[in-house]
Amino acid sequence: MPRIRAESIAAHKEASRAAILDAAQKVFLAKGYDGVSLAAIADVAGLPRTTIYEYFPSKGRILMAVLSDRVPPLVEGMLGRVEEAAPLDTINQVFAGAIDLVLEAPEIAALMFRVGRELPKALRDEMWELLDPVTDELFRQCRLGAEAGTFVTDYPDRYGMVLADM
């Protein structure tokens, strides 16, 4: 029977999950998505491979857990630093904030924009949803710009989509 290295079972489970996610981040960054096995993650985490299956059904779900835990606080912090201004100025702040985010958290950015592209399509789509708050803000600013006459278009969401794709 494995030894529990925490004050409670719940704390042990949380520590094991954190160890899996930390190990997965390291292994995915080193080997890419296709080069990673659950055994490799388990080895780096210091856990039996079977333990991984108690937490996650696949390596894709492990990568999504890493991203789901780590991307939203970064996005929230980045958007929290954007000051309301004229739409074009706000859009510029969002882009500057995105660059700052990459500089502040290069490993997470690499996981998302390099390794995450290798995910199966359904998981890749789920991953991109983590950036919906940024996309929503870009769309909002494009609509405000169209309403103010700053952006000459009848279709401000098209502007927003192009910006979000960038």
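Cut-offs used in this document
- Residues numbered from 1 in each chain as written.
- Predicted model: local features only at pLDDT ≥ 70, side-chain atom pairs only at ≥ 80, totals over all residues.
- Heavy atoms only, no water.
- Helix = DSSP H or I, 4+ residues; strand = E, 2+ residues; numbered from the N terminus.
- Expected span 1.5 Å × (residues − 1).
- Buried < 20%, exposed > 50% of the residue type's maximum accessible area, 1.4 Å probe, protein only.
- Arc of directions from axis to C-beta.
- Contact = heavy atoms within 4.5 Å.
- Phe/Tyr/Trp six-rings, centres within 6.5 Å; stacked < 30°, edge-to-face > 60°.
- Lys NZ or Arg CZ within 6 Å of the ring centre and 35° of its normal.
- Salt bridge = Lys/Arg side-chain N within 4 Å of Asp/Glu carboxyl O.
- Axes fitted to C-alpha atoms, helices over the stretch in contact; angles between N-to-C directions.
- Parallel < 35°, antiparallel > 145°, perpendicular 65-115°, else oblique.
- Left-handed = near helix turned anticlockwise from the far one by under 90°.
- Nonpolar A, V, L, I, M, F, W, Y, C, P; charged D, E, K, R; others polar.

This brings us to helix α5 (residues 87–104). For α5, with 18 residues, the first-to-last C-alpha span of 25 Å sits near the 26 Å given by 1.5 Å per residue. If you check which residues of α5 are buried, you get Pro87, Thr90, Ile91, Val94, Gly97 and Leu101. End-on view of α5: buried residues confined to an arc of 115 degrees, all on one side of the axis. In α5, the exposed positions angled more than 90 degrees off the buried face are occupied by Ile99 and Leu103. Among the structural elements, α4 (59–80), α8 (132–148) and α9 (156–165) are those in contact with the buried residues of α5.

Right, let's get into the packing of aromatic side chains. Inspection of the entire model under this criterion finds three aromatic pairs. Ring centres of Phe28 and Tyr33 lie 5.9 Å apart, and the angle between their planes is 5 degrees; on these two criteria the pair is classed as stacked. With respect to burial, Phe28 and Tyr33 carry one shared label: buried. Above the plane of the ring of Tyr33 lies Lys59, whose end atom (NZ or CZ) is 4.6 Å from the centre. Positioned above the aromatic ring of Tyr155 is the side chain of Arg158, whose terminal nitrogen or guanidinium carbon lies 4.1 Å from the ring centre.

The final tally for this structure, using the stated rule, is eight salt bridges. One salt bridge connects Arg81 with Glu104, and the closest N-O pair in it is separated by 3.6 Å. Remark: Glu104 occurs in helix α5 and Arg81 occurs in the loop between α4 and α5; sequence separation between them is 23 residues. Judged by its relative accessible area of 52%, Glu104 is exposed. As a salt-bridge pair, Lys121 and Asp125 come within 2.7 Å of each other at their nearest N and O atoms. Taken together, the residues Lys121 and Asp125, both in helix α7 (residues 121–129) and four residues apart, mark about one turn of the helix.

Here the focus is the packing of α5 against α8. Remark: α5 packs on α8, axes separated minimally by 9 Å, with the N-to-C direction vectors making an angle of 160 degrees. Here α5 is positioned roughly antiparallel relative to α8, judged by the angle of their axes. Between α5 and α8 lies a crossing of left-handed hand. Contacts between α5 and α8 involve Pro87, Thr90, Ile91, Val94 and Phe95 from the former and Val134, Glu137, Leu138, Gln141, Cys142, Leu144 and Gly145 from the latter. Classifying every residue of the contact of α5 with α8 gives eight nonpolar, three polar and one charged.

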